[in-house]
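Commentary on secondary and tertiary structure
For reference, the chains in residue letters:
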Amino acid sequence: MTAYDVALELDCRDLPCPMPVIELARHLGDVEVGRLLAVVAHDPAAAVDVPAWCRMKGQDYVGADTAADGAPRHVVRRLS
Amino acid sequence: MTGPVAREGDLDSASSAPLHPAARDVLLAALDRGYADPRRLHRPGREARLLLDNAREATADALGVRPDEVTFTPSGTHAVHLGLLGLVRGSRRGDVVVHSAVEHSAVRHAVAWGARGAEVGVTGEGRVPLGELEQGAIAPEVGVVALQTANHEVGTVQDVGGLDLPDDVPLFTDACASMGRLPLPDGWAAAAGSAHKWGGPAGVGVLLVRKRARWRSPFPADDRVDERSTGFENVPSVLAAAAALQAVVAEREEVNARQHALVDVVRRRVAKEVPDVEVVGDPDRRLPHLVTFSCLYVDGEALVTELDRRGFGIASGSACTASTLTPSHVLEAMGVLTHGNVRLSVQRDTTRADVDAFCDALPGLVAEIRARVGL
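Presented here is a report on the structure given in the accompanying data block. (Residues numbered from 1 in each chain as written. Chains lettered and ligands numbered in written order. Predicted model: local features only at pLDDT ≥ 70, side-chain atom pairs only at ≥ 80, totals over all residues. Heavy atoms only, no water.)

1. Overview of the overall build of chain B
Defined as follows: Runs of H or I in DSSP of at least four residues are treated as helices and runs of E of at least two as strands, each being numbered from the N terminus. Here the radius of gyration uses the C-alpha set of atoms, whereas the globule reference equals 2.2 Å times the residue count to the power 0.38. Burial classes: relative accessible area under 20% of the type maximum marks a residue as buried, over 50% as exposed, and values in between as partly exposed (1.4 Å probe, protein chains only). Working rule for contacts: check all heavy atoms of both residues, and any pair within 4.5 Å makes them a contact. Per-residue and other accessible areas follow the Shrake-Rupley method at a 1.4 Å probe size, with only the shown protein chains counted as cover for residues. The charge count includes Lys and Arg as positive and Asp and Glu as negative, but it does not include His or the ends of the chains. Working definition for charges: the position is that of NZ of Lys, CZ of Arg, CG of Asp or CD of Glu.
Broken down by element type, chain B carries nine helices and ten strands. The C-alpha radius of gyration of chain B comes to 21 Å, within 12% of the 21 Å expected for a compact globule of 375 residues. Along the longest, intermediate and shortest principal axes, the C-alpha atoms of chain B span 70 × 55 × 35 Å. Buried positions account for 57% of the 375 residues belonging to chain B. In chain B, the proportion of contacts linking residues at least 24 apart, taken out of those at least 6 apart, comes to 70%. Looking at chain B as shown, the accessible area adds up to about 15,300 Å², and 50% of this sits on carbon and sulfur atoms. Placing the 40 positive and 50 negative side-chain charges of chain B at their respective mean positions leaves the two points 4 Å apart.

2. A look at helix α7 (residues 300-309) of chain B
Along an α-helix, residues three or four apart share an orientation, since each turn contains 3.6 residues. All names here are of chain B. Formally: Arc definition: it is the arc formed by the directions from the helix axis to the C-beta atoms. Pairs of N or O atoms are called polar contacts if they sit within 3.5 Å, as long as, within protein, a hydrogen donor faces a hydrogen acceptor (for residues adjacent in sequence, only side-chain-to-side-chain pairs).
Buried residues of α7: Gly-300, Ala-302, Leu-303, Glu-306 and Leu-307, and no others. Along the axis of α7, the buried residues cluster in a sector spanning 160°; they form a single face. Residues of α7 that are exposed and angled more than 90 degrees away from the buried face: Asp-308 and Arg-309. Taken together, the buried residues of α7 touch β9 (290-295), β10 (341-345) and α9 (352-372). N-capping of α7 is provided by Asp-299, with a side-chain oxygen placed 2.9 Å from the backbone N of Glu-301. Phi for Gly-311, located one or two positions after α7, is positive at around 95°.

3. Regarding the nonpolar core
Residues and elements named next belong to chain B. Heads up, the condition is: Joining through side-chain atoms within 4.5 Å is the link that ties buried Ala, Val, Leu, Ile, Met, Phe, Trp, Tyr and Cys residues into a set, and such a set is a nonpolar core. Residue ranges assigned to the domains are those given by an automatic or database domain assignment.
Ranked by internal contacts, the top residues of the largest apolar core, which has 57 residues, are Val-145 and Leu-208. Residue contributions to this core reach at least three from each of two domains, namely domain 1 (21-248) and domain 2 (252-372). With residues up to four places along the chain from it excluded, the contact list for Val-145 reads Val-98, Leu-133, Ala-137, Leu-163, Leu-165, Val-169, Pro-170, Leu-171 and Phe-172. If you look at the next biggest cluster of nonpolar residues, it comprises 27 residues, including Val-277, Phe-293, Cys-295 and Leu-303.

4. Brief notes about the side chain of Arg-269 of chain B
Residues and elements named next belong to chain B. Along the chain, Arg-269 turns up in helix α6 (residues 235-273). One polar contact links Arg-269 to Glu-273, side chain to side chain, over a distance of 2.7 Å. Reaching out from Arg-269, the side chain makes a polar contact with the side chain of Asp-360 at a distance of 2.6 Å.

5. A short note on the side chain of Ser-294 of chain B
By the element assignment, Ser-294 of chain B lies in strand β9. At a separation of 2.8 Å, a polar atom in the side chain of Ser-294 of chain B contacts the main-chain carbonyl oxygen of Leu-337 of chain B.

6. Describing the packing of helix α3 (residues 76-90) of chain B against helix α4 (residues 105-114) of chain B
Residue and element names in this part refer to chain B. Which entries qualify depends on this criterion: Simply put, an axis is a line fit to the C-alpha atoms, just over the touching stretch for a helix, and the angle between two N-to-C directions goes from 0 to 180 degrees. Every angle not falling under 35 degrees, over 145, or within 65 to 115 is termed oblique; those three ranges are roughly parallel, roughly antiparallel and roughly perpendicular. Left-handed describes a crossing whose near helix is turned anticlockwise from the far helix through less than a right angle; right-handed describes the clockwise counterpart. Polarity classes work like this: nonpolar for Ala, Val, Leu, Ile, Met, Phe, Trp, Tyr, Cys and Pro, charged for Asp, Glu, Lys and Arg, and polar for all others, with Gly in that last group.
One can describe the packing of α3 onto α4 by two numbers: an axis separation of 9 Å at closest approach and a directional angle of 45°. With respect to their mutual orientation, α3 and α4 come out oblique. Crossing hand, α3 versus α4: right-handed. Across the interface between the two elements, Thr-77, Val-80, His-81, Leu-84, Leu-85 and Val-88 of α3 pack against Ala-106, Val-107, Ala-110, Val-111, Trp-113 and Gly-114 of α4. The residue makeup of the contact of α3 with α4, split by class, is nine nonpolar, three polar and no charged.

7. Points about the sheet that holds β10 of chain B
Residues and elements named next belong to chain B. Short version of the rule: For two strands to count as paired, DSSP must find a minimum of two bridges between them.
Taken in spatial order, the three strands of this open sheet run β8-β9-β10, and their pairing is antiparallel. The two strands at the open ends of the sheet, each matched to only one other strand, are β8 (277-280) and β10. Put simply, the sheet's adjacent strands are angled 20° from each other on average, direction ignored. For β9 and β10, the ladder comprises five bridges, and the chain directions are antiparallel.

Following this line, the structure appears as structure tokens:
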């Protein structure tokens, strides 16, 4: 179930690694600082790579929940 | 000494090293002298038996163990399966194996097949906290603890000798990544190694079982020379593997220092010259010959392919390069970036010029692959 109120959700369900993280980087600027951005991805690497990306790029990894259809969703807060 | 050297640009010794020059003549001679059945009492049989016994003694000597603790197997993987599951079978406590999250897939598959697993996590550098393994070992029904000597993907050396386990919980150590290169740690009941990783021929694994260990074969028995192994002995290859092992042990002080310095060059240059890169694993307490790093926004398969086109052979733990299409469980357990991953491992004859050529080529390639997706 969706647990977080996100400002923008990126549909990366059918994208292979590393496209979900690339989409995240491309759209970070689309939300205001302090707001949440989510990436929905079936790619099993995303569960590791989204938190790792946050650590490397100084963003906040909020956590994971699931989209309405049950797909894994990774939530990030823009810090800068 | 003449002999095969790694193909130029092959920076993947951790997957397989070319035959050590010291092993080549031994192998060729043993192909002629060691073909017979070492159990037969006739002259050719006795000749093969002599070579097999020589291989066992040389291997024991190189590793600092007793000859009757050495068993040759058809692969390192088989040595892992036999060693680990044999301890499980011999346990009086139960069939739970407490193991780290970064064990080789051979350990994980063995546990999935013939035991029950209890996994212990690792630090960001891939180090296994001994306290957690020790804590896990106390639980009822724990028969065995499994901890690698060093990690095959990121190079971090584990403190195997520092483990303090209950007397009736034996330790299995997968030494495939380090055997020959580093001395064996203390404290294990069974250990496994793989000859093609130290410059012996493929098709030879080494299983070590301590004299007093409770080990029972987990597989059907056979009536061969060594009761722990099955199938016809590969006498020429085990003799060549033993010769390579002796040579590697004899030269390791010099080779390790050189390789450690070369890997330091790669670690330093990659971190400095490639933007958005994560060089992982313990920078100091590590295997001398390998390093792993991950490049943000880079497709691992594209990177391997582009490096190969420029003459560099490297491995990758990224999902898109794996048969399973899942990311490396080692990188996952460490919580480090799994895509755009490269594992570079220098060969015995890799030079500073070789690693500099790699480091010179890498930033441009990474930039080119990133440019394809507009980053």
